[in-house]
There are 6 protein chains.
Amino acid sequence: MYAVEVSDHIMIAHSFRGEVFGPAQRLHGATFAVSAAFLAQALDRDGIVVDIGRAFAALKEVLAPLNYRNLDDMSEFKSVNTTTEFLTRHVFEGLAAAVKSGRLGRDGREIAAIRVTVAESPSARAWYEGALW
Amino acid sequence: MYAVEVSDHIMIAHSFRGEVFGPAQRLHGATFAVSAAFLAQALDRDGIVVDIGRAFAALKEVLAPLNYRNLDDMSEFKSVNTTTEFLTRHVFEGLAAAVKSGRLGRDGREIAAIRVTVAESPSARAWYEGALW
Amino acid sequence: MYAVEVSDHIMIAHSFRGEVFGPAQRLHGATFAVSAAFLAQALDRDGIVVDIGRAFAALKEVLAPLNYRNLDDMSEFKSVNTTTEFLTRHVFEGLAAAVKSGRLGRDGREIAAIRVTVAESPSARAWYEGALW
Amino acid sequence: MYAVEVSDHIMIAHSFRGEVFGPAQRLHGATFAVSAAFLAQALDRDGIVVDIGRAFAALKEVLAPLNYRNLDDMSEFKSVNTTTEFLTRHVFEGLAAAVKSGRLGRDGREIAAIRVTVAESPSARAWYEGALW
Amino acid sequence: MYAVEVSDHIMIAHSFRGEVFGPAQRLHGATFAVSAAFLAQALDRDGIVVDIGRAFAALKEVLAPLNYRNLDDMSEFKSVNTTTEFLTRHVFEGLAAAVKSGRLGRDGREIAAIRVTVAESPSARAWYEGALW
Amino acid sequence: MYAVEVSDHIMIAHSFRGEVFGPAQRLHGATFAVSAAFLAQALDRDGIVVDIGRAFAALKEVLAPLNYRNLDDMSEFKSVNTTTEFLTRHVFEGLAAAVKSGRLGRDGREIAAIRVTVAESPSARAWYEGALW
């Protein structure tokens, strides 16, 4: 299996509900370093998994609505904790939609899976990997 | 599959038996940068894989008996080479026990697997990944 | 000149006032990876610049009041922008006080200077270096 | 599953054919940071996956013909784009041959798979993972 | 002294003249990870050294003519070896001009110095630091 | 001022004398990631500070006697604590001798200073910088 992975980052504020979060129940923030890997069984005729420029653009497009925001204020996140894990899946869903709509520049069915990794600090990160079909 | 990974490090001395190890047969040492990833099919109701604070604590608890030690002097390692690979499994077993006893703060059966990565230098590392059930 | 540098991190929320900040005028957040270097002309009789354990403790003590906080809510920061640059100096002042009070475990006069580096993302960081005497 | 991974790097020039590559159709170059991971179900009697010294040597041997070269000038690459993805597979094939010929110092059949990761920049990388048998 | 540092990268081809360069006399290439630090004695009234957005833009503007190029083909580099060290100074000169022309958004005279760091691989880098006035 | 910096690493065992060291008084070990920077006011006629190949060789030569050793057993270190700080100076002295004897391939008097940085873990490092003349 081949993979191509591109990285970007966002800076957000948020707070969590639940005793398990301790001081992170207070409004705080994070720099999330986000990597998106696209997996495929074979390279296309150009010798690539996906166009790396389009991969960067797709990741940036998914991240843009979150960047420099207080996630607590966004209606779509009203009923959830926007944990690092939760955001890996959120980014995955946005990228999966981009692949399926053909925006990555290759027949989306040739992309088998996506893995999204989000580092919240030098010592903690999360990832989500899922098949697309 | 979701994962949450936390990192810590230990500083140990040890030596290896076997010609294959060359100069590493002499007593030497290493800083081991250790990452432990906990994998689960679904997030819990708080939106997490495991409480990151408990994950750090479990990793520290498994590493503590090794830190600032000469592993050659520890009776449990008498008959083995404490290679980087060996230690990935040793840490895995300690964390697996923590998960199964419920110390990670979630029904252990919801944690599917653990991956332990140990970097011994900027250019070499090892990992062990195993299912828990 | 010798230096010993230790690192830690904090996760905070804040916003900035001033058109120059663009979208960062909105409430957002950051993971700040903070490194503190202590500089000295000579090692002490134990062969160290400062006790690394005390250096970690001093850095943690200075960072603790900021961690998991919205800096906009802290009275001491009411009239300033808590930029990455500003925070390098804030941490410097806290560490300078620790050195001067002898809390680093060595005659503070033997510590010549401190450099504080704060990384806000994989592609941007700031530092402040100042003499202590 | 256990893995041992070693890293090295090469500095090459090349160009790509195809509109998708935009400015990378021009002759340019890259530092490729290459990591090779060898995967095995069990450790050998020395407690290792493979001898790390031999792993470094095998990786260096596969990379040497590429280092400080213009890949466009190499006859074996005449009809292909030497993309980062393509090179992950090229290195994989060279290492697979080394394993199968016994040059890694262990019965090659005990090495289950190889993963080759190639980073082209701080924000983009590719990998290829394949079973050996 | 305060500093703010931003990072970007370029991918270039080139070759060197001189026996000292060994195999690097052949046409090869590099990914150069470039960091530019702007140093100032004091923060401005917004609490910054320079606007980080303008700093990124200035660095990108200086790097753009080099990116995805064979430096051997550029007339301005005809008589020189475009070593990593040489390029640190080249980028420094471009950024110094940007500061002096006021493009960094602050009275250029308040920027005391610039340090440009260029990493050519995980194990080698160069930097140039110079005063501006 | 220009600088060229190269990196390597060693794996050693040692112990410290003095209550300040706490558990590090026990025999333990470390991977030391060592960087050596050579500083010069001007580039030579080839456009370099020093030949990077010779710089790597000089660093390796200074580190070799320490690698895979228990520093407590080395007679030259009998009366000292081989702390990270101490080792930065030890490596500096070895490299200074190499420069002064002309082994770096340039009139040693043109190298103004050397800075040696030693990282003992992901969160702690030390450096020593000294003028050569």
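The structure we're discussing is the one just above.
Residues numbered from 1 in each chain as written. Chains lettered and ligands numbered in written order. Predicted model: local features only at pLDDT ≥ 70, side-chain atom pairs only at ≥ 80, totals over all residues. Heavy atoms only, no water.

Let's shift gears to the overall build of chain A. When its secondary structure is counted, chain A shows two helices and four strands. Relative to its length of 133 residues, chain A is compact, with a C-alpha radius of gyration of 16 Å against a globular reference of 14 Å. Along the first, second and third principal axes, the C-alpha set of chain A runs to 50 × 30 × 25 Å. Going through the 133 residues of chain A one by one, you find that 55% of them count as buried. Entry remark: accessible area of chain A is about 5,200 Å², with carbon and sulfur atoms responsible for 49%. Between the averaged position of the 14 positive side-chain charges in chain A and that of its 16 negative side-chain charges there is a distance of 2 Å. (Helix = DSSP H or I, 4+ residues; strand = E, 2+ residues; numbered from the N terminus. Rg over C-alpha atoms; globule rule 2.2 N^0.38 Å. Buried < 20%, exposed > 50% of the residue type's maximum accessible area, 1.4 Å probe, protein only. Areas by Shrake-Rupley, 256 points an atom, 1.4 Å probe, with all protein chains shown as cover. Lys, Arg positive; Asp, Glu negative; His and termini not counted. Charge placed at Lys NZ, Arg CZ, Asp CG, Glu CD.)

Rotating chain D by 120 degrees and translating it 0.0 Å along the rotation axis places it on chain A, where the RMSD comes to 0.0 Å. Put plainly, the chains are arranged around a three-fold axis. (Least-squares fit on C-alpha atoms with pLDDT ≥ 70 in both.)

Bringing the relation of the copies chain A and chain C into the picture now. Rotating chain A by 180 degrees and moving it 0.0 Å along the rotation axis overlays it on chain C with an RMSD of 0.0 Å. The superposition of one copy onto the other is thereby described by a two-fold rotation axis. Both copies contact each other with a shared surface, as 100% of the interface residues of chain A are interface residues in chain C too. (Contact = heavy atoms within 4.5 Å.)

Another aspect to go through is the packing of aromatic side chains. One pass over the full model with this rule turns up 24 aromatic pairs over all chains. Ring centres of phenylalanine 16 of chain B and phenylalanine 21 of chain B lie 4.7 Å apart, and the angle between their planes is 45 degrees; this geometry places the pair in the tilted category. For phenylalanine 16 of chain B, a relative accessible area of 11% corresponds to the buried category. With 4.9 Å between their ring centres and 80 degrees between their planes, phenylalanine 92 of chain B and tyrosine 128 of chain B make a pair best called edge-to-face. Here the residue phenylalanine 92 of chain B occupies a position in helix α2 (residues 84-100), and tyrosine 128 of chain B occupies one in strand β4 (residues 124-131), the gap between them amounting to 36 residues. Residue class for phenylalanine 92 of chain B comes out buried when judged on its relative accessible area of 5%. Residue class for tyrosine 128 of chain B comes out buried when judged on its relative accessible area of 10%. An aromatic cluster of at least three residues, connected via ring pairs, comprises Tyr2 of chain A together with Phe92 and Tyr128 of chain D. (Phe/Tyr/Trp six-rings, centres within 6.5 Å; stacked < 30°, edge-to-face > 60°.)

Inspection of every chain in the model, using the stated rule, returns 37 salt bridges over all chains. Salt-bridge contacts for arginine 125 of chain A lead to glutamate 5 of chain B; the nearest nitrogen and oxygen are separated by 2.5 Å. With one member in each of two chains, arginine 125 of chain A in strand β4 (residues 124-131) and glutamate 5 of chain B in strand β1 (residues 2-14) form a pair that bridges those chains. The exposure class of arginine 125 of chain A is partly exposed, given its relative accessible area of 34%. (Salt bridge = Lys/Arg side-chain N within 4 Å of Asp/Glu carboxyl O.)

Let's shift gears to the sheet that holds strand β4 (residues 124-131) of chain D. An order of β1(A)-β2(A)-β3(A)-β4(A)-β1(B)-β2(B)-β3(B)-β4(B)-β1(D)-β2(D)-β3(D)-β4(D) is seen for the 12 strands of this closed barrel, with the pairing classed as antiparallel. Between one strand axis and the next, the sheet turns by 25 degrees as a mean value, whatever way the strands run. Where strand β1 (residues 2-14) of chain A and strand β2 (residues 28-40) of chain A come together, 13 bridges link them in antiparallel fashion. Residue pairing for β2 of chain A: alanine 13 of chain A is matched across the bridge by glycine 29 of chain A. On top of the sheet, helix α1 (residues 52-63) of chain A reaches β1 and β2 of chain A together with β3 (113-121) and β4 of chain D; it is set at about 25 degrees to β1 of chain A, its chief contact. (Pairing = 2+ DSSP bridges. Axes fitted to C-alpha atoms, helices over the stretch in contact; angles between N-to-C directions.)

Turning to the packing of helix α1 (residues 52-63) of chain C against helix α2 (residues 84-100) of chain C, a few remarks are in order. All names here are of chain C. Relative orientation of the contacting elements α1 and α2 amounts to 130 degrees, with a least axis distance of 9 Å. Between α1 and α2, the interaxial angle falls into the category oblique. For the crossing formed where α1 meets α2, the hand is right-handed. From α1, Ala58, Leu59, Val62 and Leu63 reach across to α2, where they touch Val91, Gly94, Leu95 and Ala98. The class makeup of the residues in the contact of α1 with α2 is seven nonpolar, one polar and no charged. (Parallel < 35°, antiparallel > 145°, perpendicular 65-115°, else oblique. Left-handed = near helix turned anticlockwise from the far one by under 90°. Nonpolar A, V, L, I, M, F, W, Y, C, P; charged D, E, K, R; others polar.)

The next subject is the pairing of strand β2 (residues 28-40) of chain D. Residues and elements named next belong to chain D. The element β2 is largely enclosed, with a buried count of 12 among its 13 residues. Direction of pairing for β2 relative to β3: antiparallel, over a ladder of seven bridges. The partner of serine 35 across the bridge, within β3, is threonine 117.

Before going further, it helps to spend a moment on the interface of chain D and chain A. Listed by partner, the interface residues are 18 residues for chain D and 18 residues for chain A. When the area that chain D buries against chain A is broken down by residue, the three leading residues are Val20, Glu85 and Trp127 of chain D, summing to 43%. One can count eight residue pairs in polar contact (both at pLDDT 80 or more) joining chain D with chain A. For the side of chain D that touches chain A, the elements supplying multiple residues, two or more each, are α2 (84-100) and β4 of chain D. Pairing analysis gives five bridges linking β1 of chain A to β4 of chain D, with the strands arranged antiparallel. Bridging across to β4 of chain D, glutamate 5 of chain A finds its partner in arginine 125 of chain D. (Buried area = accessible area lost by both parts, 1.4 Å probe. Polar contact = N/O pair within 3.5 Å; in protein donor to acceptor, adjacent residues only side chain to side chain.)

With that settled, consider unusual backbone geometry. Residues and elements named next belong to chain B. The backbone of tyrosine 68 shows a phi angle near 55 degrees, a positive value even though the residue is not glycine. Along the chain, tyrosine 68 falls in the loop between α1 (52-63) and α2. By relative accessible area, which is 21% here, tyrosine 68 ends up partly exposed.

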